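# Commentary on secondary and tertiary structure
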Amino acid sequence: MRIECRHSDHRKMSTTGRLCAIRSFSFAAMCFIALLTSTFAFAQSSAKDDAARIIALEHTWNRAIEAKDTKALDQLLAPTFVAVDTDGSLTRKGEFLAGIKAPSYQPAEASYEDIRAEVYGDAAVTVGIFRIRETQKGKRITQRQRFIDTWIREGQTWQCVASQVTLIPAKQAPG
Amino acid sequence: MKKLFSAAAAFLAIASLPAFAQNAANDEGGRVLGLEKAWNHAIEAKDTKALDQLLAPTFVAVEIDGSVASKSEFLASIKAPEYQPSQAVNEDMSVQVYGNSAVVVGIFRIKGMEKGKPYVHRERFIDTWIKRDSGWQCVSSAATLITAK
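To keep things clear, this report deals only with the structure shown in the data block. Being a predicted model, the structure only gives us computed values, none of them experimental. (Residues numbered from 1 in each chain as written. Chains lettered and ligands numbered in written order. Predicted model: local features only at pLDDT ≥ 70, side-chain atom pairs only at ≥ 80, totals over all residues.)

## Quick look at the overall build of chain B
Helix and strand counts for chain B come out as 3 helices and 6 strands. Counting from the amino terminus, chain B carries its helices and strands in the arrangement α-α-β-β-α-β-β-β-β. (Helix = DSSP H or I, 4+ residues; strand = E, 2+ residues; numbered from the N terminus.)

So this is what it looks like as structure tokens:
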């Protein structure tokens, strides 16, 4: 769309010109607002898409834990990945994968009771409650853990760079 | 000769790019670690105004009991009269910068009084920081009590 303002008479310039200028300005302002609104809407829907993508990756992570599928986990975790376990110990990616692979670790069910994601451009943070039913060294346990995961986008791929879990005592209601 | 010089200059410029990026990441990492120290001082002084600057509006914290707190709940807990921290230090900290994001891992040692009882805690933490126009702000902080030997 194009708006043209032609002025043949210079004496009329002051009134017509001003009108034209106002029209042009109004049009430009409308375009600017439309652009701003659509940019905002695009950014919002893009952030929503990313949040949904990351939550799907979190569910993939659970399936990989249940299947002890360290190859799938290797794809989900960045090389710089760090994890803090419920006892406060710190593990790097290699140790974390080895822990999943260990024959003494027998997860039966890994699920989320609650999960939400906040996207910040190429970074995202997920917060939720992770429920794990497993056998560890012959003992059957069920734990509810509050977690925070940090995800980073490299190109088109999201990978988790940090994960921390804190045990929720059995008596505590989910907060 | 001129061509050779130009090629060498271009090569040097390209070769120095990763070093420049590395330095920039180091600078940003240093800045974030500085903010972590400022956070500790703000806790010791119960300075919620300073904390308000450090924490993003969407900030979320996971406490050592597994409870989750929003920014306002976190600030209210710092302000509470029964919370009397005397010393807050980080024993060990490392930072990894990913563009406009940074992840800090460390051990937070806090000494104080709560509900009339003295306590000393060592907590492993992971904080995630996001760089905005106004500077770095923390968007999430998780703490887990260290019980591992």
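Alright, that's what it looks like, and here's the rest.
## Some words on the environment of B:Ser72
Tracing the chain through its elements places B:Ser72 in helix α3 (residues 71–79). C-alpha separation for the pair B:Ser72 and B:Gly99, spaced 27 residues apart in sequence, amounts to 28 Å.

## Looking at the nonpolar core
Formed by 54 residues in total, the largest nonpolar core has its most connected members in A:Ala123, A:Ala124, A:Trp151, A:Val161, B:Ala102 and B:Ile126. Look past the residues within four positions of A:Ala123 in its chain and what remains in contact with it is A:Thr150, A:Trp151, A:Ile152, B:Tyr98, B:Ser101 and B:Ile130. (Core = buried A, V, L, I, M, F, W, Y, C linked by C-beta atoms within 7 Å. Buried ≥ 20, exposed ≤ 12 C-beta atoms within 10 Å, placed from the backbone. Contact = placed C-beta atoms within 7 Å.)

## As for the environment of A:Trp61
Residues and elements named next belong to chain A. Tracing the sequence through the fold places Trp61 in helix α1 (residues 13–66). Judged by C-beta crowding, with 21 C-beta atoms within 10 Å, Trp61 ranks as buried. It is 9.8 Å that separates the C-alpha atoms of Trp61 and Gln75, two residues lying 14 residues apart in sequence.

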